[in-house]
Amino acid sequence: MKRLILCLCLLAAPAFAVQPDEILDDPVMEERAREISSGLRCLVCRNESIDDSNAELARDMRLMVRERLVAGDSNREVVEYVVDRYGEYVLLTPLTGGSNMILWLAGPVMLLLGVGLGAVYIRRRSVTPEPVVDALSDAEQARLRKIMDE
Amino acid sequence: MITELGHFALILAFLVACFQTVVPLVGAHYRWPGWMASAEPAATLQFLLTAGSFMALTWAFVISDFSLQLVVANSHSDKPMLYKITGTWGNHEGSMLLWVLIVTLFGAFAAWFGGNLPPTLKARVLAVQGSIGVAFFAFIIFTSNPFLRMDVPPFDGQDLNPLLQDPGLAFHPPFLYLGYVGLSMTFSFAVAALIEGRVDAAWGRWVRPYTLAAWVFLTLGIALGSWWAYYELGWGGFWFWDPVENASFMPWLIAAALLHSAIVVEKREALKSWTILLAIIAFGFSMIGAFITRSGVLTSVHAFATDPDRGMFLLMITAFFMLVGLTLFAARAQSMQAKGVFSLASRETGLVANNVILAVSAFVVFVGTIWPLVAEIFFDRKLSVGAPFFNFAFAPFMVALGLILPVGAMLPWKRASLKRTIKPLRTAFVLAIAVGGLAWAMQTGRSLLGPVGLFLGAWLVSGAVIDLWSRTGRGDNRLSRLLRLPRADWGKSVAHAGLGVTMAGVAGMMAWETEDIRVAQIGESFEVSGFTLTLDDVQQVPGPNYRSTMAEVSLERNGREIGTLYPEKRVYPVAAMPTTEAALDIGFLRDVYVVIGDPQANGGWAVRTYYKPLANWIWGGAILMSIGGTLSLTDRRYRVAAGNRRRTGAVEGVPAE
């Protein structure tokens with residue numbers, strides 16, 4: 001938390017995220033701009049999208065996104081344009097290629113592993129005969145529980 | 001003088017912790033009663049000394065003793081008294097002292113209320129807890145001493161970070177630390193059991209209250225932090241998947257898994273080694289959390305050098321305890337034989353599924369959190385892993401958890417008939433489908449998020465109600481029997497329902513919130529989602545240690561006045577920082593959230609308005625979860641276990657040995 005606060009403090013210009021004067025007149029276009037900018041990271045903040053950030057740089061990036069949109073770029077072209085300038089660091093959703101496969105596959109692989117191990121464990125527990133040597137019978141158990149609950 | 005006494009008490013506590021680590025451990029090994037028993041007064045003394053030290057520091061903040069470096073850096077004489085006190089832990093050094101105070105508090109608890117623990121186990125638990133104390137005392141004394149003096153005391157301090165001058169954040173750290181450090185107790189129990197070479201049902205029962213308490217405190221701490229982010233940061237986000245947030249979320253997930261698997265140990269003597277492993281990992285995540293927060297390594301990959309001493313020290317503490325814990329685990333895990341036998345359809349299977357989902361989801365969060373660091377070090381790629389990734393990778397686990405939860409919760413132990421268990425739940429399922437379908441039909445956008453969230457919410461809440469009702473048996477007097485059900489049953493249902501409420505809240509808010517950003521002239525009215533807002537006035541108002549720009553916005557719906565909101569922008573002159581104070585009209589089904597921005601060139605003011613459906617359900621659900629946990633914690637069997645009747649706990653539900 002502390003770092004987040006520090007960052008916010010340093011950057012919190014007395015303004016907030018998207019300013020009224022940035023908003024495009026065409027609501028469809030503005031909707032697209034918001035969608036794109038919520039997936040782009042503000043470079044000087046931590047894990048905040050430029051859509052949410054108060055930083056001056058985020059404002060510049062938002063304006064850049066809108067400029068490209070007005071110039072007729074598709075959503076993908078706008079993102080590529082920004083990535084060309086700032087690197088893949090700006091993407092809040094990491095790319096799927098290359099070493100990032102590890103990141104994307106870690107969850108599913110671990111899940112398969114977990115389910116597999118769980119299944120083996122359950123299977124083993126269900127076929128092992130119970131050590132019933134000196135266990136209480138069900139009736140005795142019930143009586144015992146009754147005594148305990150009193 | 002008081003400061004020096006506090007400093008001295010801290011060093012004494014360190015020495016007592018050293019004693020507590022060594023003597024009882026040796027005593028337990030050779031079965032020397034005197035040596036073992038020495039752990040108890042040591043734990044008490046250690047707690048009292050640390051409490052004295054903490055009080056001395058608090059006193060320095062209360063009287064604004066500017067001869068202390070820490071007070072100068074984090075306080076100011078104009079600050080309200082509440083924030084002078086909370087300023088004690090609003091900084092690195094003070095918060096570490098609070099952390100270690102809680103370590104000693106839990107140790108003292110185990111000493112005071114562990115009367116029915118076997119003497120060797122008790123001595124070992126306290127020794128391990130003492131060793132955790134040693135590590136953190138050393139950390140404080142050698143790298144982060146809060147009692148350092150100024151050479152020349154200044155006239156006034158530099159003020160506490162204004163964002164921390166807020167009730168939500170003032171009490172967020174103590175709760176979070178109680179949670180983090182509560183997991184140190186389960187770690188101590190796990191390591192002690194490994195040294196002892198014995199894990200049985202009684203162990204499960206002893207360790208569960210600490211896990212439960214830690215989980216309740218973590219829930220409250222995280223909820224407070226997220227609530228604070230919601231109203232303070234000015235746009236109503238409540239969770240950012242920020243490394244520091246993830247640092248508190250991972251232990252929460254693992255603690256949730258642990259408190260469920262401990263039930264299996266307690267009731268059925270199965271899943272023993274897994275539970276031990278979870279207990280070790282849970283504390284590991286707590287420490288990694290402390291490391292992430294304080295070293296700044298993940299904040300920015302390049303910030304590692306900003307405080308290498310502290311970062312390295314914490315990393316070494318983490319590595320040491322994990323290494324010892326996992327080595328012991330590897331050496332002794334085989335000796336923990338499972339006893340309970342169960343079939344595929346059984347409560348045990350449900351809890352195994354719960355543990356798989358929670359543990360894997362925690363792993364996903366962990367990988368996402370550290371991936372930027374790994375990618376930079378090993379693959380030379382600078383990249384970000386942000387909210388879209390986590391939402392995509394994490395949400396499916398929660399959906400799966402929500403789907404199986406009501407069924408698993410109602411399955412009987414050992415051997416069950418899935419058909420018979422599902423039968424009473426059909427009503428809940430139909431109801432949930434209806435709620436989800438209604439949401440689907442009423443919304444305009446075609447996102448699945450909202451309907452799925454409401455479906456899960458309704459499914460969990462009604463499932464919890466049916467679960468509780470089914471415990472009352474048949475025939476008359478079911479209502480009076482309902483009230484006499486064990487608190488653990490109530491706790492379980494309330495907590496599960498709380499999870500459903502939170503899920504519905506998160507999904508509802510994310511799916512259906514609307515936003516309005518505009519320039520409004522004074523006196524101008526505008527519409528947002530059926531509400532009419534009027535900017536009546538904007539004024540400069542002086543505060544105790546800040547200046548405020550306060551707007552007056554009246555809120556109407558269909559011509560009926562609902563209330564007046566006062567969003568503020570504050571500037572704290574001493575710290576030279578602005579903060580936004582959003583104004584909220586809080587309702588059961590929605591919040592209206594107004595933020596005032598800058599004055600515009602043409603005379604108006606920038607105004608942001610949000611309509612946030614189901615916002616309060618997020619925190620309402622968290623409160624329900626912690627109430628559920630607390631109910632369970634006050635269940636009779638723990639109160640009995642805490643009393644003098646020796647080991648009554650070990651008998652119930654477990655075959656005699």
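About the thresholds
- Numbering of residues starts from 1 in each chain and follows the order in which that chain's sequence is written.
- Lettering of chains starts at A and numbering of ligands starts at 1, both following the order in which they are written.
- Local features in this predicted model are restricted to residues of pLDDT 70 or higher, and side-chain atom pairs are both shown and tallied only at a pLDDT of 80 or more, whereas totals for entire chains, interfaces and linings draw on every residue.
- A run of DSSP states H or I qualifies as a helix once it reaches four residues; a run of E qualifies as a strand once it reaches two. Both are numbered from the N-terminal end.
- Put simply, the radius of gyration uses C-alpha atoms, and a globule should come to 2.2 Å times the residue count raised to 0.38.
- Using C-beta atoms placed from the backbone, we call a residue buried if 20 or more other C-beta atoms fall within 10 Å of its own, exposed if 12 or fewer do, and partly exposed for counts in between.
- What counts as a contact is two residues whose backbone-derived C-beta atoms lie within 7 Å of each other.
- Two strands are said to pair when DSSP picks up at least two bridges between them.
- To estimate how far a helix should extend, the number of its residues minus one is multiplied by 1.5 Å.
- With axes taken as lines fitted to C-alpha atoms, and helix axes fitted only over the stretch in contact, angles between N-to-C directions fall between 0 and 180 degrees.
- By definition in this entry, angles of less than 35 degrees are roughly parallel, angles greater than 145 are roughly antiparallel, angles of 65 to 115 are roughly perpendicular, and the rest are oblique.
- If you view the pair so one helix is near and one far, a crossing is left-handed when the near helix is turned anticlockwise from the far one by less than a right angle, and right-handed when it is turned clockwise.
- Classification used: nonpolar for Ala, Val, Leu, Ile, Met, Phe, Trp, Tyr, Cys and Pro, charged for Asp, Glu, Lys and Arg, polar for all others including Gly.
- Note on definitions: a nonpolar core is a set of buried residues drawn from Ala, Val, Leu, Ile, Met, Phe, Trp, Tyr and Cys, linked by C-beta atoms within 7 Å.
- Domain start and stop positions are those given by an automatic or database domain assignment.
- Arc, as used here, means the arc of the directions from the helix axis to the C-beta atoms.

Draft legend 1. Looking closely at the overall build of chain B. Scanning chain B from terminus to terminus reveals 22 helices and 10 strands. Taken over the C-alpha trace, chain B has a radius of gyration of 26 Å; the compact-globule value for 657 residues is 26 Å, and the two agree within 12%. By its C-alpha atoms, chain B is 85 × 75 × 55 Å across when sized along the principal axes. Going through the 657 residues of chain B one by one, you find that 57% of them count as buried. Considering only contacts in chain B between residues 6 or more positions apart, those separated by 24 or more positions represent 74%.

Draft legend 2. Spatial organisation of the pairing of strand β9 (residues 590-599) of chain B. Residues and elements named next belong to chain B. The buried count for β9 comes to eight of 10 residues, which makes it a mostly enclosed element. In this structure, strand β8 (residues 583-586) lies alongside β9, joined through four bridges in antiparallel fashion. Following the sheet pairing, Ile586 is matched in β9 by Asp591. Between the antiparallel neighbours β8 and β9 lie three residues.

Draft legend 3. How the structure looks around helix α11 (residues 243-268) of chain B. Residues and elements named next belong to chain B. Under the 1.5 Å per step criterion, the end-to-end length of α11 is 37 Å for 26 residues, consistent within 8% with the ideal 38 Å. Of all the 26 residues making up α11, 26 are buried; the element is thus mostly covered by neighbouring parts of the structure. Count one or two residues on from α11 and you reach Glu269, which has phi positive near 50°.

Draft legend 4. Structural context of the sheet that holds strand β10 (residues 605-613) of chain B. Residue and element names in this part refer to chain B. Taken in spatial order, the four strands make up an open sheet running β1-β10-β9-β8, and their pairing is antiparallel. Two strands in the sheet have a free side with no partner beyond their single neighbour: β1 (514-520) and β8. Mean inter-strand twist for the sheet, computed between neighbouring axes without regard to direction, equals 15°. In this structure, β1 lies alongside β10, joined through seven bridges in antiparallel fashion.

Draft legend 5. Quick look at the packing of helix α9 (residues 172-196) of chain B against helix α10 (residues 201-232) of chain B. Residue and element names in this part refer to chain B. The geometry of α9 relative to α10 is characterised by a closest axis approach of 7 Å and an angle of 155° between their N-to-C directions. In terms of their interaxial angle, α9 and α10 are classed as roughly antiparallel. Crossing of α9 over α10 shows left-handed handedness. A class-by-class count of the residues in the contact of α9 with α10 yields 18 nonpolar, seven polar and no charged.

Draft legend 6. Highlighting the nonpolar core. Residue and element names in this part refer to chain B. Ranked by size, the top nonpolar core spans 242 residues in total, and within it Phe136, Ile254, Ala255, Ala279, Ala282 and Val594 carry the most contacts. With 21 residues, α10 is the single largest residue contributor to this core. Those residues in contact with Ala255 that lie beyond four places of it in its chain are Leu183, Thr211, Ala214, Trp215, Leu218 and Ala282.

Draft legend 7. Representation of the environment of Leu40 of chain A in the model. Residue and element names in this part refer to chain A. Within the element layout of this structure, Leu40 appears in the loop between α2 (27-37) and α3 (56-70). Exposure remark for Leu40: the 27 C-beta atoms within 10 Å place this residue in the buried category. Taking C-alpha positions, Leu40 is 7.9 Å from Asp51, a pair spaced 11 residues apart along the chain. Ignoring any residue separated from it by four or fewer positions in sequence, one finds Leu40 in contact with Ser49, Ile50, Met61, Val82, Val90 and Leu92.

Draft legend 8. Inspection of the domain arrangement of chain B at higher detail. Residue and element names in this part refer to chain B. Its domain assignment divides chain B into domain 1 (2-226 + 245-289 + 344-366) and domain 2 (514-615). One C-alpha centre belongs to domain 1, the other to domain 2, and the line joining them spans 41 Å. At the interface, nine residues of domain 1 touch eight residues of domain 2.

Draft legend 9. Local environment of the packing of α11 of chain B against helix α12 (residues 272-295) of chain B. Residues and elements named next belong to chain B. Interhelical geometry of α11 versus α12 gives an angle of 165° and a closest axis separation of 9 Å. As far as their axial angle goes, α12 and α11 are roughly antiparallel. The two elements α11 and α12 meet at a crossing, and its hand is left-handed. Of the residues that constitute the contact of α11 with α12, the class distribution is 19 nonpolar, six polar and one charged.

Draft legend 10. Structural detail: α3 of chain A. All names here are of chain A. A rise of 1.5 Å per residue sets the reference length of α3, with its 15 residues, at 21 Å; its end C-alpha atoms lie 21 Å apart and thus fit the reference within 8%. Among the residues of α3, those classed as buried are Ala58, Met61, Arg62, Val65, Arg66, Arg68 and Leu69. Viewed along the axis of α3, the buried residues span an arc of 160°, placing them on a single side of the element. Packing partners of the buried residues in α3 comprise α2 and α4 (75-86). Trailing α3 by a residue or two, Gly72 shows a phi angle of about 100°, which is positive.

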